[in-house]
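# A closer look at the structure
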Amino acid sequence: MTDADVIVVGAGPGGSTAAYHLARHGFNVLVLEKTHFPREKVCGDGLTPRAVKQLIKMGISTDSEKGWLPNKGLRIIGGGIRLELDWPDLSSYPGYGLTRTRLDFDQLLADTAVDAGATLKTGHTVTGPVLDDDGRVIGVHATGEDGAPQTFHAPITIAADGVSARFALTMGINKRADRPIGVAVRQYFRSPARHDDEYLESWLELRSKEGGDTLLPGYGWIFGLGDGRVNVGLGVLNSSVAFGKTNYRRMLGEWLAATPDDWGMNDPANADGEPQGAALPMGFNRVPHYSRGVLLVGDCGGMVNPFNGEGIAYAMESAELAADVIVQALGRATDVERDRTLALYPAELKSRYGGYYRLGTLFVKLIGNPRLMRVATHHGVPHPALMKFVLKLLANLTEPRGGDAMDRVINAMTRIAPAA
Ligand SMILES: Cc1cc2nc3c(=O)[nH]c(=O)nc-3n(C[C@H](O)[C@H](O)[C@H](O)COP(=O)(O)OP(=O)(O)OC[C@H]3O[C@@H](n4cnc5c(N)ncnc54)[C@H](O)[C@@H]3O)c2cc1C
């Protein structure tokens, strides 16, 4: 007896995207989500063209009237310079990014999956797998709205439960300590002066005026939301000596205290809510991505891009890939054939992102050295052509085939690098 063809644990961007693509293929998908929508998720709320491409694939309108704020590219601030770089002009990706708070972004994706035919049960917390005699996952245990235990059965499960990765943990799939991880905090501020920025703004150097002029560890962002507010935050990577030893919320306050008065971010009266933080699992820090009937999608598989901290696009891309592989696997006649097909998922993930994430892991180690970072910022940012290359590399935006000289160099580098 089964309750669905596929159970999806978690209705973040990864879970809802997987559910959408599976439902569109006519499969019976059950999504279990522990919270109720709308709900907050700690995030920068910034989407690059990679994520926009995924929204377009789901038939979601990205018109400004529908609550999105479009952006043209990235503004980099560092080395005493402000540089605006437009998203690259590519045939493979749209030429714009977006912002939207996760409060309704996640709900929009979940609703799109439901409209496509998926069943969503919110207020359902998955507590662990149901195993058959061979140790294969054939369903999940959960607690429902009333706290009563429930069991759901399906031949395939997608774990998309985010950075906590509880489902993978119950299967003994642990975090790898040799992969990068970041911690980031963000806060909303009412900022009429900055709310409708046409660029995502990235700060390579954060300064505090407390006790003189000091350089703070980490990197910051200010993303306009178009609704009178900005999402402002900072992140620190585990390659930094400050990682785990810093009060990140306090550091955010110190940085914002040094920003111009008319931005409104140095006045706590303009804050909309408290600063909130969470971890960013990067560079495939949890593997294997397929085991015993379970596919790991998004943050629970450590899929945040180590170069720029972007995770939504990778959660959605891995979800689409997982759905493609599952569609094929469910068409196979025997368990052995099915398993062989499902094993294509980690192999394809490795081939798509493995080399790039390996380079990203190296990049995180290098920028953990503040002296090296300062030299790179001061000598690199003043050179627009070099920064155009850096933007393509950091945002992983190249034509997969052909493209310009920069695309070909980046693609060659990621092919040569041993896969993470
Ligand atoms: C401060 C910060 C800023 C960031 N900024 C950006 C940014 O600007 N752009 C970007 O692209 N990425 C950003 N990221 C990363 C991004 O938030 C994640 O990569 C992304 O949310 C991953 O999506 P996901 O679907 O894998 O997981 P999640 O979004 O975490 O979704 C997981 C879902 O599973 C549910 N769940 C968890 N456990 C259970 C359970 N046991 N049972 C049922 N449901 C469960 C959760 O409630 C949640 O709805 C940022 C992260 C942080 C911390």
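Residues numbered from 1 in each chain as written. Predicted model: local features only at pLDDT ≥ 70, side-chain atom pairs only at ≥ 80, totals over all residues. Heavy atoms only, no water.

With 62 residues, the main nonpolar core has Leu55, Ile158, Ile326 and Tyr345 as its most contacted residues. Ranked by the residues each element gives to this core, the list is headed by helix 6 (residues 312-330), at 13 residues. Not counting chain neighbours up to four residues away, the residues in contact with Tyr345 comprise His289, Leu295, Leu296, Val297, Met303, Ser318, Leu321, Ala322 and Val325. (Core = buried A, V, L, I, M, F, W, Y, C linked by side-chain atoms within 4.5 Å. Buried < 20%, exposed > 50% of the residue type's maximum accessible area, 1.4 Å probe, protein only. Helix = DSSP H or I, 4+ residues; strand = E, 2+ residues; numbered from the N terminus. Contact = heavy atoms within 4.5 Å.)

Counting buried residues in strand 13 (residues 181-190) gives nine out of ten residues, a clear majority hidden from the surface. Here strand 13 pairs with strand 18 (residues 229-237) via nine bridges, running antiparallel. Bridged to Gly182 within strand 18 is Leu237. (Pairing = 2+ DSSP bridges.)

A separate point is the pattern of salt bridges. Side chains that carry opposite charge are capable of pairing whenever their charged atoms lie near each other. Under the defined criterion, the tally for this structure stands at 24 salt bridges. Across the pair Glu317 and Arg50 runs a salt bridge, and its minimum N-O distance is 2.8 Å. Of this pair, Glu317 sits in helix 6 while Arg50 sits in helix 2 (residues 49-57), placing them 267 residues apart in sequence. Per residue, the accessibility class of Glu317 equals that of Arg50, and both read buried. A salt bridge links Arg194 to Glu201; the nearest nitrogen and oxygen atoms lie 2.8 Å apart. Several salt bridges converge on common partners, so that one network encompasses Arg75, Arg82, Glu84, Arg194, Asp197 and Glu201. (Salt bridge = Lys/Arg side-chain N within 4 Å of Asp/Glu carboxyl O.)

What follows is about the sheet that holds strand 18. Strand pairing in a sheet is mediated by backbone hydrogen bonds. Such pairs are either parallel or antiparallel. Here seven strands make up an open sheet; going across it, the order is 6-5-14-17-18-13-19 and the pairing mixed. Lying at the two open borders of the sheet, with one neighbouring strand each, are strand 6 (81-86) and strand 19 (271-281). Across the sheet, the mean angle separating the axes of adjacent strands is 20 degrees when strand polarity is ignored. Both strand 5 (residues 73-78) and strand 6 contribute to a ladder of six bridges, which runs antiparallel. Paired with Ile77 across the two strands is Arg82, which belongs to strand 6. (Axes fitted to C-alpha atoms, helices over the stretch in contact; angles between N-to-C directions.)

We now examine helix 9 (residues 370-380). Every buried residue of helix 9 is accounted for by Met373, Thr377 and Gly380. Buried residues along helix 9 cover an arc of 90 degrees about the axis, so they all sit on one side. Away from its buried face, by an angle of more than 90 degrees, helix 9 presents the exposed residues Arg371 and His379. The opening residue of helix 9, the one whose side-chain oxygen lies 3.0 Å from the backbone nitrogen of Arg371, is Asn369. (Arc of directions from axis to C-beta. Polar contact = N/O pair within 3.5 Å; in protein donor to acceptor, adjacent residues only side chain to side chain.)

Another point: the site of the ligand. Taken together, 36 residues surround the ligand, and among them Glu33, Arg39, Gly44, Gly46 and Asp299 come closest. Within the backbone of Gly44, an N or O atom sits 2.7 Å from a nitrogen atom of the ligand. In this structure, an oxygen atom belonging to the ligand sits 2.9 Å away from a side-chain N or O atom of Arg102. Here the ligand loses 94% of its free accessible area of 1000 Å² to cover by the protein chains. Taken together, the elements giving at least two residues each to the shell around the ligand come down to helix 1 (13-24), strand 2 (29-33), strand 9 (125-131), strand 17 (219-224), strand 19 and helix 6. (Near = heavy atom within 4 Å. Areas by Shrake-Rupley, 256 points an atom, 1.4 Å probe, with all protein chains shown as cover.)

Time to look at the packing of aromatic side chains. For the coordinates displayed, the defined rule picks out twelve aromatic pairs. Ring geometry for Trp203 against Trp255: centres 5.2 Å apart, planes inclined by 70 degrees, an arrangement best described as edge-to-face. Here Trp203, found in strand 14 (residues 199-203), pairs with Trp255, found in helix 5 (residues 248-257); they are 52 residues apart in sequence, far enough to count as distant. Take Trp203 and Trp255: they sit in the same class, and that class is buried. (Phe/Tyr/Trp six-rings, centres within 6.5 Å; stacked < 30°, edge-to-face > 60°.)

Let us look at unusual backbone geometry. Between Phe37 and Pro38 the backbone carries a cis peptide bond, its omega angle lying at -5 degrees. Assignment of secondary structure puts Pro38 in the loop between strand 2 and strand 3 (46-47). Here the bond from Val287 into Pro288 is cis, since omega is 5 degrees, no more than 30 degrees from zero. You can see Pro288 is positioned in the loop between strand 19 and strand 20 (290-291). In this structure, Arg292 takes a positive phi of about 50 degrees despite not being glycine. Of note, the phi angle at Asn396 is positive, near 55 degrees, even though the residue is not glycine.

Moving on: the sheet that holds strand 7 (residues 97-99). The strand order across the open sheet built from three strands is 3-7-4, with neighbouring strands paired in antiparallel fashion. The two strands at the open ends of the sheet, each matched to only one other strand, are strand 3 and strand 4 (69-71).

Right, let's talk about the side chain of Thr122 for a bit. Checked against the element boundaries, Thr122 lands in strand 8 (residues 119-122). Residue Thr122 is classed as buried on the basis of its relative accessible area, which comes to 19%. Within the structure, Thr122 has its side chain in polar contact with the side chain of His36 (distance 3.3 Å). Residues contacting Thr122, with those up to four places away along its chain left out, are Glu33, Thr35, His36, Phe37 and Glu145.

Tracing the sequence through the fold places Thr112 in helix 3 (residues 102-115). Take Thr112: its relative accessible area is 14%, and that puts it in the buried class. Excluding residues within four positions of it along the chain, Thr112 makes contact with Tyr20, Met58 and Ile60.

Neither face of strand 1 (residues 6-9) is exposed, since Val6 and Val8 on one face and Ile7 and Val9 on the opposite face are all buried. When strand 1 meets strand 12 (residues 156-159), the two strands line up parallel, connected through four bridges. Each residue of the ladder has a partner; that of Ile7, found in strand 12, is Thr157. Examined bridge by bridge, strand 1 and strand 2 share four bridges and lie parallel to one another.

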